Amino acid sequence: MEQITVNIPVLALRGLTVFPDLTLSFDVEREISIFALDRAMEEDRRIFLVTQREIGVIQPQEEDLYEIGTVCQIMQIIKTSDTTVRVVVKGEDRARIRRLWQMKPFLQANVEILEEDFPGKFTNRTEALLRQTYSIFGEYKELVNNIPDEIVSAILDCREPGKVADTIAQQIALPHEVRQSILEELHPVKRLKEMNEILMHEVDVISLEMQMDQKMRQRVGQVQKDMILREQVKVLQHELGDDGDEEIDEYTDKVKSLHLTEEIEKKLLKEVNRLAKQPFGSAEASVIRNYLDVCLEMPWNKQTKDRADVTRARDLLDHDHFGLEKVKERILEFIAVRQINPDAKGKILCLVGPPGVGKTSIAISVAKAMNRKLARLSLGGVRDEADIRGHRKTYIGAMPGRIIDAIIHSGSMNPLLVLDEIDKLANDMRGDPASALLEVLDSEQNYAFRDHFLEIPVDLSRVMFITTANTLDTIPRPLLDRMEVIELSSYTDEEKVEIAKRHLLPKQLKEHGLKKSQLRLSDDAIRKMIAAYTRESGVRVLERQIGKICRKAAMQLVQEDVKRISITEKNLKDFLGVERHTESIHITKDEIGVVNGLAWTEVGGEILEVEVNVMDGSGKLELTGNLGTVMQESAKTALSCLRSRSDVLGIEKEFYKTKDIHIHFPEGAVPKDGPSAGIAITTAMLSALTGRMVRGDVAMTGEVTLRGRVLPIGGLKEKTMAALRNGVKTVIIPKENEKDLDEIDQTVRSKLQFTTAETVDAVFETALVSGES
């Protein structure tokens, strides 16, 4: 038989299938489909309708369409809206896509018209199959009861096996994949047989659904019966004077007296009604009681009035803390804004700094200055998301998360919450608590925070959050983005002296039961204690040393006949023992191949000495001192920089072949890394290679490049404090860090001489002693 092919517009159907000789109406809204209809109307009203394999595909390709569809005649098009039309089509012939040759502005394909297989002689077997189909279709109609009578009549009157199968497939509810399999079967009898099997499956499934529905209705009826009986029991109890509803009435009165929002009140009253329906001794009743008790403990509509007085707040902060000017300034700015706009949202501040500099204590002072209730949450080691958001109340022992618990204990809806050690959050298979904090610490979202236990919105927008951390490196970036970071740097020695005199010594005297007249600690003794016994960023170790002196003094006052103990720089050793920290021998002594570098650590700045030895050998470079990758690369960069400038610097030209160079950083057990020791390594290496001495009163920090440029570094404030503490007179810093000198302590700046360097030549000029050794 000759094949008939036509080029025809294509309309891709989603979840629909059209069969020959049958009419179908559907809505069209996709632009490519409407263009296809327009082209068909311009020509002969014929269009090829084919079903998509996946309903969700918006711009179907050839592989997204089934191969076989139906060529249809467009009967009518009705515009239903600006973007949608309703189409009525009548199927003509089955057809197969040979090639989808146009994708825009509408689909167009070359299709091959398919002829049905010859059904053969109408046999008794075919008659039996038809009758069986009529019978099963009748059962289906009785079960679903939504097929029009005219459709039923048309099916029962039809004697063509293929058409019967097509009509049934189009009229009953089937997945589009099943309809497509009927459409693709070209043999009429086989098609009817397949439709017969599909009908039998549908009848079985619908019967099971009806049985399940009937059982469910019976259970619901039993529950309703129990409710009626329970109400009758309540009436009888009331008649007998045994009223068991006092608890329910008490809960209801408490909920209504709080004047909550409609959503929250409705939720709580619903739980009260559930409690009323529970039988005596029910486990569910205990869960509901616990839930209601927690909800009613929340300080709904209770707020403390902020102290919007900047002068009073400044006095309180200055009284409790010495220094920390930037933090105080930011807190006072917030109070000033609140003084002008009392409805301002709560802020999220993150105090970052070394241990012992007063991050937590300043947060507590802020609460006092603002007249807010305070609650502190320690997040160190928290690894369960439920710690932040709570557990579902259905779990045994469920409770709200730490945020809600802190608000309950504070007794106010606008407390100051201190989230301590936010950089030490952990995570595992139980969730990521840092991610749970994203909503809490976002003032644009936390007005409707939902705890898993409460399941009702709680407004956290009036809460002021202050978080503390030792480092920003471990805080996830999205969480850090929600907080305003304020850095607290190390205290200078003079600041520590003042803190010890104003706060630490009085506190320790009180704890040890000593009077101010019984123990006197001179300023020089405190300075000696700071330099020789502590060496820290904060003041925790200093406070412990003062406590140690108080204990020794108490012992002497008890055992010996003394009324007053005076501690000076000379007798400090008798109380604290051998000095822990001594000045480095290289601070004042000029040496070859030894340079004082400056390093930053989490506990402040440190002197980092670089030692270089040059020996006859074969050009090996040895690096020791537990160095990280970046620091090892800095050493190699320094070596290449010197090699490229050997003529200018007076270095033996073949030194990299005839000399072994050993670079060592003392305190080999301590890990070290970072690029800021670059110029120190370069200077020490040049000194060792040329024999020129390095000044002992000079320290330096800066990254070096292959071309000899000096790049900027961080942590300048802490590094300069370390230089002053160790007796350094001159500090070499990168030229680009000159602007950071305004940020360092003015005491440090006045006592140190700063030299800026753009290239290593400027470093060598300052650090190396003139002349040969």
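Everything in this summary refers to the structure shown in the same document. Computed from a predicted structure; not experimentally measured.

## A closer look at the overall build of the protein
Then step 1. Counting its regular elements, the protein contains 27 helices and 26 strands.
Then step 2. Since a compact globule built from 773 residues should have a radius of gyration of about 28 Å, the 43 Å found for the protein marks it as more spread out than a globular shape.
Then step 3. The principal-axis extents of the C-alpha atoms in the protein amount to approximately 125 × 95 × 45 Å.
Then step 4. Across the 773 residues in the protein, those meeting the buried criterion constitute 47%.
Then step 5. Put simply, of all contacts in the protein between residues at least 6 apart along the chain, 73% involve residues at least 24 apart.
Then step 6. For the protein, the exposed surface amounts to about 39,900 Å²; the carbon and sulfur share of it is 48%.

## With respect to the nonpolar core
Grouped burial of nonpolar side chains is what soluble globular proteins tend to show.
Then step 1. Ile-422, Leu-437 and Leu-441 are the most contacted members of the largest nonpolar core, which totals 55 residues.
Then step 2. Of all the elements, helix H9 (residues 283–297) adds the most residues to this core, at seven residues.
Then step 3. If we ignore the near neighbours within four places in the chain, the residues touching Leu-437 are Leu-379, Ile-388, Leu-419, Ile-422, Leu-425 and Leu-479.
Then step 4. Counting residues in hydrophobic clusters, the runner-up holds 53 residues, among them Leu-514, Ile-530, Ile-549 and Ala-553.

## Notes on the sheet that holds strand S12 (residues 464–469)
Then step 1. Pairing in this open sheet of five strands is parallel, and the strands run S8-S9-S12-S7-S13 from one edge to the other. Of all the strands in the sheet, the pair left with one neighbour each is strand S8 (374–378) and strand S13 (484–487). The average undirected angle you get between the axes of adjacent strands in this sheet is 20°.
Then step 2. In the sheet, strand S9 (residues 416–420) pairs with S12 via four bridges, with the strands oriented parallel. Within S12, the position partnered with Leu-416 by the bridge is Met-464.

## Here's the deal with the pairing of strand S17 (residues 594–601)
Then step 1. With respect to burial, S17 is a largely interior element, six of its eight residues being buried.
Then step 2. When S17 meets strand S22 (residues 698–700), the two strands line up parallel, connected through two bridges. Bridge pairing links Gly-597 to Met-700 in S22.

## Observations regarding the packing of helix H7 (residues 246–257) against helix H8 (residues 262–277)
Then step 1. Contact geometry of H7 with H8 gives a least axis separation of 10 Å together with a crossing angle of 180°. The pairing of H7 with H8 is recorded here as roughly antiparallel in orientation. From H7, Glu-247, Ile-248, Tyr-251, Thr-252, Val-255 and Lys-256 reach across to H8, where they touch Glu-265, Leu-268, Leu-269, Val-272, Leu-275 and Ala-276.
Then step 2. Of the residues belonging to the contact of H7 with H8, the class tally is eight nonpolar, one polar and three charged.

## Quick notes on unusual backbone geometry
Then step 1. With an omega dihedral of 0°, the bond running from Lys-104 to Pro-105 counts as a cis peptide bond.
Then step 2. Relative to the elements of secondary structure, Pro-105 occurs in the loop between strand S5 (85–102) and strand S6 (107–114).
Then step 3. In this model, Arg-45 sits at a positive phi of 65°, which is unusual for a non-glycine residue.
Then step 4. Looking at where Arg-45 falls in the secondary structure, it is placed in the loop between helix H1 (31–42) and strand S3 (46–51).
Then step 5. Unlike most non-glycine residues, Asn-626 shows phi in positive territory, near 60°.
Then step 6. With respect to the secondary-structure elements, Asn-626 resides in the loop between strand S19 (621–624) and helix H21 (629–644).

## Observations concerning the environment of Pro-506
Then step 1. With respect to the helices, strands and loops of the structure, Pro-506 is situated in helix H17 (residues 493–511).
Then step 2. Each C-alpha atom, one on Pro-506 and one on Val-144, is 88 Å from the other, the two residues being 362 residues apart in sequence.
Then step 3. For Pro-506, the residues in contact, after removing those within four places along its chain, are Ala-500 and Lys-501.

## Digging into the side chain of Asp-420
Then step 1. Counting through the fold element by element, Asp-420 comes out in strand S9.
Then step 2. Once you skip the residues sitting within four places of it in the chain, Asp-420 turns out to touch Thr-360, Arg-376, Leu-377, Ser-378, Leu-379, Gly-380 and Thr-468.

## Observations regarding the packing of aromatic side chains
Then step 1. Here the structure, examined in full by the defined rule, presents two aromatic pairs.
Then step 2. Measuring from ring centre to ring centre gives 5.9 Å for Tyr-291 and Phe-453, while their planes differ by 50°; the resulting arrangement is tilted. Here Tyr-291 is found in helix H9, whereas its partner Phe-453 is found in the loop between strand S10 (449–450) and strand S11 (457–458), with 162 residues between them in sequence. An identical accessibility class is assigned to Tyr-291 and Phe-453; each is buried.
Then step 3. Plain terms: the ring middles of Phe-655 and Tyr-656 are 6.1 Å apart, the flat faces sit at 85° to each other, and that makes the pair edge-to-face.
Then step 4. Note on Phe-655: relative accessible area 1%, which makes it buried.

## Some words on the environment of Gln-278
Then step 1. You can see Gln-278 is positioned in the loop between H8 and H9.
Then step 2. On the accessibility criterion, Gln-278 (23% relative accessible area) is partly exposed.
Then step 3. Once the C-alpha coordinates of Gln-278 and Arg-230 are considered, the two residues, 48 residues apart in sequence, prove to be 9.7 Å apart.
Then step 4. For Gln-278, the residues in contact, after removing those within four places along its chain, are Glu-284, Ala-285 and Ile-288.

## Observations regarding the packing of helix H10 (residues 310–320) against helix H12 (residues 359–370)
Then step 1. The geometry of H10 relative to H12 is characterised by a closest axis approach of 9 Å and an angle of 150° between their N-to-C directions. Here H10 lies roughly antiparallel to H12, going by the angle between them. Of the two possible hands of crossing, H10 and H12 adopt the one that is right-handed. Between H10 and H12, the residues in contact are Ala-313, Leu-316, Leu-317 and Asp-320 and Ile-362, Ser-365, Val-366, Lys-368 and Ala-369, respectively.
Then step 2. Grouping the amino acids of the contact of H10 with H12 by side-chain chemistry returns six nonpolar, one polar and two charged.

## Considering H17
Then step 1. Along H17, the helix axis deviates most sharply at Ala-500, where the bend reaches about 50°.
Then step 2. Where H17 is concerned, the buried positions are Glu-495, Lys-496, Val-497, Ile-499, Ala-500, Leu-504, Leu-505, Gln-508 and Leu-509.
Then step 3. Of the residues trailing H17, Gly-513 is marked for its positive phi of about 70°.

## Quick word on the side chain of Ser-687
Then step 1. Position of Ser-687 among the secondary structure elements: in helix H24 (residues 678–690).
Then step 2. Classification of Ser-687 by relative accessible area gives buried; the value is 0%.
Then step 3. Beyond its immediate chain neighbours, meaning those up to four positions away, Ser-687 contacts Glu-591, Ile-592, Gly-593, Arg-692, Met-693, Val-694 and Leu-768.

## A look at the pattern of salt bridges
Then step 1. Taken as a whole and judged by the stated rule, the model has 33 salt bridges.
Then step 2. A salt bridge links Glu-92 to Arg-46; the shortest N-O distance between them is 3.2 Å. Note that Glu-92 is positioned in strand S5 and Arg-46 in strand S3, a separation of 46 residues in sequence.
Then step 3. For Arg-376, the salt bridge identified is with Asp-420, shortest N-O distance 2.8 Å. With Arg-376 in strand S8 and Asp-420 in strand S9, the pair connects residues that are 44 residues apart, well separated along the chain.
Then step 4. Here the salt bridges do not stand alone but share partners, grouping Lys-267, Glu-271, Arg-274, Arg-392 and Glu-455 into one network.

Reading guide: rules and limits
- Residues numbered from 1 in each chain as written.
- Predicted model: local features only at pLDDT ≥ 70, side-chain atom pairs only at ≥ 80, totals over all residues.
- Heavy atoms only, no water.
- Helix = DSSP H or I, 4+ residues; strand = E, 2+ residues; numbered from the N terminus.
- Rg over C-alpha atoms; globule rule 2.2 N^0.38 Å.
- Buried < 20%, exposed > 50% of the residue type's maximum accessible area, 1.4 Å probe, protein only.
- Contact = heavy atoms within 4.5 Å.
- Areas by Shrake-Rupley, 256 points an atom, 1.4 Å probe, with all protein chains shown as cover.
- Core = buried A, V, L, I, M, F, W, Y, C linked by side-chain atoms within 4.5 Å.
- Pairing = 2+ DSSP bridges.
- Axes fitted to C-alpha atoms, helices over the stretch in contact; angles between N-to-C directions.
- Parallel < 35°, antiparallel > 145°, perpendicular 65-115°, else oblique.
- Nonpolar A, V, L, I, M, F, W, Y, C, P; charged D, E, K, R; others polar.
- Phe/Tyr/Trp six-rings, centres within 6.5 Å; stacked < 30°, edge-to-face > 60°.
- Left-handed = near helix turned anticlockwise from the far one by under 90°.
- Bend = angle between axes of the 7 residues up to and from the residue.
- Salt bridge = Lys/Arg side-chain N within 4 Å of Asp/Glu carboxyl O.

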